[in-house]
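Here is what each chain is made of, one letter per residue.
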Amino acid sequence: MSAPTVDRPAATVEPPRLRPHLRLIAAIGRWLLRVRRVFRGISRGVGRTFSRIGRSPLVASLLASVSIAVVGLSVAGLVVASAWWGGVEEAGTWQDAMSITGSVWVMTFGVPIRLSGVDYSLLPWGLMIIPGWLGHQAGRWLARVVRPSRRRSLSASVVLTTVFSSVFVAGVSVVSDIPEVQTSARRALVMAGAVTFVAVGSGVWRSSPLIRDSMHRTPMVVRVIVRASFAGVAALAGMGAFVATVAVASSFGSITEMFASLNPTTFDALVLLVLSLGYVPVLVSWSVSYIVGAGISLGPDVLISPFVPVVPATPLPAFPPLAAVPETAGPGSWGLPALVIVSGAFVGLLVSRFAFREGPLVRLSLAFVASVLAAGWVFVLLFLGAGSLGDGRLAIIGPDPGAGALLAGVGMVVGALPTSVIRARRKPRKLSSVSTESPSAIVGADS
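Residues numbered from 1 in each chain as written. Predicted model: local features only at pLDDT ≥ 70, side-chain atom pairs only at ≥ 80, totals over all residues. Heavy atoms only, no water.

### A closer look at the sheet that holds strand 6 (residues 397–398)
Inference 1: Here three strands make up an open sheet; going across it, the order is 5-4-6 and the pairing antiparallel. Since the sheet does not close on itself, it has two edges, and those belong to strand 5 (303–304) and strand 6, each with one partner.
Inference 2: Here strand 4 (residues 296–298) runs beside strand 6; their pairing, made up of two bridges, is antiparallel. The residue of strand 6 that forms the bridge with Leu-298 is Ile-397. (Pairing = 2+ DSSP bridges. Helix = DSSP H or I, 4+ residues; strand = E, 2+ residues; numbered from the N terminus.)

Have a look at this one:
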């Protein structure tokens, strides 16, 4: 019989002790790790704090306004620098160039400009696409950054951006005033506010579903009237653009000769091209006034109209797009006002389509109101095409907004009432088939 065995604890093996210099290095490493964790926590807290601050409507609106101003001034500075240091005339000081850059940027918001004591209020409205596009992109950025859950935050962002941008434009108008180039700070405050509000609001509406959902709550009658009126004005403006294109194509030789007579440098030609493109909306406005029969006034005694056979010789500024102004009107021009009736017929068709469930009397009323509203939009379009291109006889040129809107309203009413009573039905949308299987069965089939 063997002796009982006793389990003895195994001898503990002590780990080898590090040398003093290695222990010092390890302690420093542990201390650095603790410092890293502390700084990482602080940075995360600061990042979350700045994220909350950046999402606030106040800070985000300020950043959006600054971006609109910086990019807009940069674009205006490129155009001014091309004409200032690359033109025929000797360049002036850089302070004058900065002042002119600020005045040109203010002018892109639709603010009249005074050059050497002469007011120019017939502006290249096409340049307004620069602040409009920048404001639209700023509105989309606001909708992504602020991420509001209520319409109040959206409204606050739009209003704050409008206020900041208006103050910036008015401040630039005051700072950049020199005796040769001046702009009105009051008009800059008003026009910049209107342009920025529309542009930023469109960007927010494009990117945020809150505004679109609220638009669906608008009464059907209001939506039908507004959509039909906008469509009628768009059709009339499209016809005006087509007539203006035909006029430019037929006068291309005269435009080329006038351009060559100016003998511009490469940079001057670039500036002249930008200005010509900026005046395209003005030419469209003149063409619309010509179509409706109101005509275009080039001074107190000169009227260009489809019912005036020959226009007396009239000296105009040496600006190539003005060479497209017609000097004669043939018998075929008398039929141009019929295009207004066609635009009115389009308004009536849209009313009949959008309000097909309503009775004929209701659709007649909607078509009449939509035509009157479209005449109001025509008044705004023709008002933007009238102004001053100098002093003396050119102090007031362009269409008569009141007469043009009246003629457009009469023509649209005549065209819209008959087509609005046509019974139109929308095509029903095809419904896609919905699977009746349970989710578990679908998952099992996929596996």
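### Let's talk about the environment of Ala-199
Inference 1: Topologically, Ala-199 is positioned in helix 6 (residues 185–207).
Inference 2: As for Ala-199 and His-136, which are separated by 63 residues in sequence, their C-alpha atoms are 4.7 Å apart.
Inference 3: With residues up to four places along the chain from it excluded, the contact list for Ala-199 reads Pro-131, Gly-132, Gly-135 and His-136. (Contact = heavy atoms within 4.5 Å.)

### Here's the deal with the sheet that holds strand 1 (residues 113–115)
Inference 1: The three strands lie next to each other as 2-1-3, forming an open sheet whose pairing is antiparallel. If you trace the sheet from one side to the other, it starts and ends with strand 2 (118–120) and strand 3 (181–183), each paired once. Between one strand axis and the next, the sheet turns through 30° on average, direction left out of account.
Inference 2: Direction of pairing for strand 1 relative to strand 2: antiparallel, over a ladder of three bridges. If you follow Arg-114 over to strand 2, its bridge partner there is Asp-119. (Axes fitted to C-alpha atoms, helices over the stretch in contact; angles between N-to-C directions.)

### Observations concerning the nonpolar core
Inference 1: Among the nonpolar cores identified, the biggest contains 30 residues, and Leu-122, Trp-286, Leu-298, Ile-304 and Ile-397 are the most heavily contacted of them.
Inference 2: The set of elements that each furnish at least two residues to this core consists of helix 2 (57–86), helix 3 (94–107), helix 11 (280–292) and strand 4.
Inference 3: Sequence-distant contacts of Trp-286, defined by excluding residues within four places in its chain, comprise Leu-122, Ile-296, Leu-298, Leu-322, Val-325, Gly-385, Ile-397, Gly-398 and Pro-399.
Inference 4: Counting residues in hydrophobic clusters, the runner-up holds 14 residues, among them Ile-291, Val-340, Ala-408 and Met-412. (Core = buried A, V, L, I, M, F, W, Y, C linked by side-chain atoms within 4.5 Å. Buried < 20%, exposed > 50% of the residue type's maximum accessible area, 1.4 Å probe, protein only.)

### Points about helix 8 (residues 220–250)
Inference 1: Taking 1.5 Å per residue as the helical rise, helix 8 with its 31 residues ought to reach 45 Å, and the 45 Å between its terminal C-alpha atoms agrees with that figure.
Inference 2: The set of residues buried in helix 8 consists of Val-224, Ile-225, Ala-228, Ser-229, Ala-231, Gly-232, Val-233, Leu-236, Met-239, Gly-240 and Ala-244.
Inference 3: Here the buried face of helix 8 lies against helix 11, helix 12 (338–354), helix 13 (360–384) and helix 14 (401–420). (Expected span 1.5 Å × (residues − 1).)

### Quick word on a nonpolar patch on the surface
Inference 1: Residues Val-222, Val-226, Phe-230, Trp-377, Phe-379, Val-380, Phe-383 and Leu-384 make up a contiguous nonpolar surface patch of roughly 670 Å² in combined accessible area.
Inference 2: At the level of secondary structure, the elements contributing two or more residues to the nonpolar patch comprise helix 8 and helix 13.
Inference 3: The dominant element in the nonpolar patch, judged by the number of residues it contributes, is helix 13, at five residues.
Inference 4: The topology assignment puts Leu-384 in helix 13.
Inference 5: With relative accessibility at 31%, the residue Leu-384 sits in the partly exposed group. (Patch = residues over 30% accessible without salt bridge, like charges linked within 9 Å, V, L, I, M, F, W, Y side chains within 5 Å. Areas by Shrake-Rupley, 256 points an atom, 1.4 Å probe, with all protein chains shown as cover. Salt bridge = Lys/Arg side-chain N within 4 Å of Asp/Glu carboxyl O.)

### Brief notes about the pattern of salt bridges
Inference 1: All told, the structure shown has one salt bridge when counted by the stated rule.
Inference 2: Ionic pairing is found between Asp-119 and Arg-114, a salt bridge with its closest N-O pair at 2.7 Å.
Inference 3: Among the residues examined, Asp-119 registers a relative accessible area of 38% and is labelled partly exposed.
Inference 4: Classification of Arg-114 as partly exposed rests on a relative accessible area of 36%.

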